[in-house]
Amino acid sequence: MLLTVVLGIGGSFQYGIQVSIMASPSEHIQNFVNQTWMARYGEPVSESTQKLIWSFIVSIFSLGGWLGAINSGTIPVIYGRKKCLLFNNVVAIVAAVLMGFSRMAGSFEMILLGRILYGYNVGLGLSVHLMYLGECSPIKLRGFLTLSSAIFIGLGKVMGQICGLREVMGTEPMWPYLLALSGLPAVVQFFSLLCFPETPRYLYIDKGDEEGCKKALKVLWGNVETKLELEDMTKERETMKGEKAKSVWDVLTSRSVRWQLLTLVIPCGLIQLCGISAIYFYAFDIFREAGVPKDQMHYLSIGIGTAELVTLILCSFLIDRTGRKWLMSFGYLAMAVLMGILVVMLSLQLFSSLPPAGITLTLPAELFLQAWRPSAYVISGTCNWVGLFLIGMFFPYVADAMGRFCFLIFVAYCVLSAVFMLVFIPETKGKTMVEIMEDFNKLNFKGRGVDTEKADLVLATKL
């Protein structure tokens, strides 16, 4: 449990805080951009240029996240999950220093660079956080522990909103320190993680270190019986014997993971199209459109973040009882209904957060065997971060063109994802990695009778 907290603080918590923290100081940052422009060129920045610079500040975080997600397929494989996270914390500390000194240096470019480094930190950290949790969790608690990453995202969002209050750090003199806030969780995780071992699955399956695996399990689980987990790892290792880590191209082209890939992309990788990030990125603009008084906006945003956090905590207790399939499907349908209400009423007071995003975080850790998992996270992360960039960059322009009806795009995606989950995807609750693979092979090789463990070999022989 302590490891779950340590991973969360420097992992998905950073994602949550970066998504929500930009809404509060947006006015101060845009004023700083204007002042810097005046000092350099002797005239105020044009409205269109200022809007473009602000859109880049918001959205370039996603490009950094994409770069981090790409590296999540190589760095954790070569150096291990633990060393990868230690390096990742250094990136966040450098970003925090850039943010903290940006006003002193009179450079909004330092904010841009800090945002892209924060993005890299979150993109790499979120993927490796989920890998670490998934590879350390007992089968019976895998859903709950993996979903804890979503709880830390919600906690990060609420913390970012609270710190952004005028009574805390949301003032003109304090905004650079508000942007540098993510350096603190990075420092905490860096020193805390030194006390924990590498993941047992990485040690046993990737490195062949059985003794190291047993020691890691003892440190992580204490005296709990680990026979079932070791048998599962042994079976997975035998299944993947002689196979190297798969590339992104392998995941994209192999029939043996085709339905896992579709599940990875449609309801998981494209999660940004459910609309939740658009709400956080441009919360104050939407509040103004809804006629919310300016002095109530900060508190309303905290209410939304708190509602999401409470829902995620509730889901963490339900996921290992109801299963991933039904919980995700219900979440998507609820989001579709609530986005429809938002189109009609355009009143965020009616917006209750029932996001499926938390459950989608658990699936990539369960859908793929060890050799496939890092590249699968690259694909999922790429879809997620490109989607986040497009939302951050173009949502204001889409909103200007379509008005409140822009949320119908999110409604369509939520309905599509719910139908996809209900109709096609098997349940993964309480199953080992190999059992889940066997279920998906009934879809991947429908009517062919291909043995799960020999799937790739049989296809290669036929070719």
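Keep in mind that what you see is a predicted model, and the values were worked out from it rather than measured.

Engineer: So what's going on with the overall build of the chain? Which residues, and what values?
Structural biologist: Broken down by element type, the chain carries 25 helices and 0 strands. Burial status across the chain gives 60% buried among its 463 residues. Looking at the chain alone, contacts between residues at least 24 apart form 82% of all its contacts between residues at least 6 apart. Carbon and sulfur atoms form 67% of the exposed surface of the chain, whose accessible area is close to 18800 Å².

Engineer: For the pattern of salt bridges, give the residues involved together with the corresponding values.
Structural biologist: Counted according to the given criterion, the structure contains 6 salt bridges. With a shortest N-O distance of 3.4 Å, R373 and E135 are connected by a salt bridge. Linking R373 in helix α22 (residues 373–402) with E135 in helix α7 (residues 108–136), this pair joins segments that are 238 residues apart in sequence. Accessibility assignment for this pair places R373 and E135 in one class, buried. A network of salt bridges, in which partner residues are shared, links R81, E135 and R373.

Engineer: Could you give me a rundown of the nonpolar core, with the residues and numbers involved?
Structural biologist: General note: in soluble globular proteins, nonpolar side chains tend to be found buried as a group. Counting 36 residues, the largest nonpolar core has Y15, M22, I29, I57, I111, L179 and W385 as the members making the most contacts within it. Considering each element in turn, this core owes the most residues, 7 residues, to helix α4 (residues 47–71). Grouped together as the second largest cluster of nonpolar side chains are 31 residues, L264, Y332, A376 and V411 included.

Engineer: Provide a residue-level description of α7, including the pertinent values.
Structural biologist: Three- or four-residue spacings in an α-helix give side chains the same orientation, since the helix completes a turn every 3.6 residues. The terminal C-alpha atoms of α7, which comprises 29 residues, lie 41 Å apart, in line with the 42 Å expected from a rise of 1.5 Å per residue. Judged by how many residues are buried, α7 sits mostly within the fold: 25 of 29 residues are covered.

Engineer: Kindly report on the packing of aromatic side chains, identifying the contributing residues and their values.
Structural biologist: In total, this model carries 8 aromatic pairs according to the counting rule given. Centre to centre, the rings of F61 and W385 are 5.4 Å apart; their planes meet at 75 degrees, and the pair counts as edge-to-face. In this pair, F61 sits in helix α4 while W385 sits in helix α22, placing the two residues 324 residues apart along the sequence. One exposure class covers both F61 and W385, and it is buried. With 5.1 Å between their ring centres and 35 degrees between their planes, W259 and F424 make a pair best called tilted. Here W259, found in helix α15 (residues 258–269), pairs with F424, found in helix α23 (residues 408–424); they are 165 residues apart in sequence, far enough to count as distant. Look at W259 and you get buried, because its relative accessible area is 19%. Of the aromatic side chains, those joined through ring pairs into one cluster are Y15, F61 and W385.

Engineer: Pulling in residues and values, what's your account of the packing of helix α1 (residues 2–10) against helix α10 (residues 183–193)?
Structural biologist: In the contact formed by α1 and α10, the axes pass within 8 Å of each other and the chain directions differ by 145 degrees. Once α1 is placed against α10, the crossing between them reads as left-handed. Judged by residue contacts, L3, V6, L7, I9 and G10 of α1 engage P185, V188, Q189, S192 and L193 from α10. A breakdown of the residues in the contact of α1 with α10 according to their chemical character gives 7 nonpolar, 3 polar and no charged.

Engineer: An account of the packing of helix α3 (residues 26–41) against α4 is requested, with residue identities and associated values reported.
Structural biologist: Where α3 meets α4, the closest approach of the two axes is 11 Å, and the angle between their N-to-C directions is 125 degrees. Classed by the angle they form, the pair α3 and α4 counts as oblique. Pair α3 / α4 crosses with right-handed handedness. Where α3 approaches α4, its residues S26, I29, Q30, N31, V33, N34 and W37 are matched on the opposing element by T49, Q50, I53, W54 and I57. Residues belonging to the contact of α3 with α4 are distributed by class as follows: 6 nonpolar, 6 polar and no charged.

Engineer: Now, about the environment of T226: what can you tell me, with residues and values included?
Structural biologist: If you trace the backbone, T226 turns up in the loop between α12 (210–221) and α13 (227–239). Along the chain, T226 and K214 lie 12 residues apart, while their C-alpha atoms are 8.6 Å from each other. Not counting the four nearest positions on each side in its chain, T226 is found in contact with L217 and W221.

Engineer: Outline α12, supporting the account with residue identities and numerical values.
Structural biologist: Taking 1.5 Å of rise per residue, the 12 residues of α12 would be expected to cover 16 Å, and the 16 Å separating its terminal C-alpha atoms lies within 8% of that figure. Listed as buried for α12 are G212, C213, A216, L217, L220 and W221. One face of α12 carries all of its buried residues, which in axial projection span an arc of 140 degrees. Away from its buried face by more than 90 degrees, α12 exposes E211, K215, K218 and V219. In the core, the buried residues of α12 are packed alongside α1, α7, α11 (200–206) and α13. Its side-chain oxygen 2.8 Å from the backbone nitrogen of G212, D209 forms the N-cap of α12. Trailing α12 by a residue or two, G222 shows a phi angle of about 75 degrees, which is positive.

Engineer: Account for the confidence of the model for the chain, with residues named and values stated.
Structural biologist: Overall, the prediction assigns the chain a mean pLDDT of 80, with 84% of residues at 70 or greater. Scored below 50 in pLDDT, residues 347–354 makes 26 contacts in the model with residues more than four places away or belonging to other chains. Confidence over residues 452–463 falls short of pLDDT 50; this stretch has 19 contacts with residues more than four positions distant or in other chains.

Rules used in this analysis
- All residue numbers here refer to positions counted from 1 along the written sequence of the relevant chain.
- Restriction of local features to residues with pLDDT of at least 70 applies here, the model being predicted, together with a cutoff of 80 or more for giving and counting side-chain atom pairs; totals for whole chains, interfaces and linings are based on all residues.
- Each side-chain value is derived from all of the structure's non-hydrogen atoms; neither hydrogens nor water enter the calculation.
- Only DSSP runs of H or I covering at least 4 residues are called helices, and only runs of E covering at least 2 are called strands; the numbering of each starts at the N terminus.
- Throughout this description, buried means an accessible area under 20% of the type-specific maximum (1.4 Å probe, protein chains only), exposed means over 50%, and partly exposed covers the range between.
- Residues are treated as being in contact if the distance between any of their heavy atoms lies within 4.5 Å.
- Where accessible areas are quoted, they stem from the Shrake-Rupley method and a 1.4 Å probe; at the residue level, only the protein chains shown are allowed to cover.
- For salt bridges, the criterion is a side-chain nitrogen of Lys or Arg within 4 Å of an Asp or Glu carboxyl oxygen.
- Here, the term nonpolar core denotes a set of buried Ala, Val, Leu, Ile, Met, Phe, Trp, Tyr and Cys residues that are joined through side-chain atoms within 4.5 Å.
- Here the expected span of a helix is defined as 1.5 Å times the quantity of residues minus one.
- Between 30 and 60 degrees the pair is tilted, below 30 it is stacked and above 60 it is edge-to-face, where a pair is any two Phe, Tyr or Trp rings, Trp via its six-membered ring, whose centres lie within 6.5 Å.
- In this analysis an axis means a line fitted to C-alpha atoms, helices contributing only their contacting stretch, and an angle means the value between N-to-C directions, from 0 to 180 degrees.
- Take the far helix as your reference; a near helix turned counterclockwise from it by less than a right angle gives a left-handed crossing, and one turned clockwise gives a right-handed crossing.
- Asp, Glu, Lys and Arg are counted as charged, while Ala, Val, Leu, Ile, Met, Phe, Trp, Tyr, Cys and Pro are counted as nonpolar; the rest, among them Gly, fall into the polar class.
- Every angle not falling under 35 degrees, over 145, or within 65 to 115 is termed oblique; those three ranges are roughly parallel, roughly antiparallel and roughly perpendicular.
- Directions drawn from the helix axis to the C-beta atoms are what define this arc.
- Definition of a polar contact: a pair of N or O atoms within 3.5 Å, with one able to donate and the other able to accept a hydrogen when the atoms are protein atoms, and with sequence-neighbouring residues admitted only if both atoms are side-chain atoms.
- Every residue carries a pLDDT, the predictor's confidence in it, which falls somewhere between 0 and 100.

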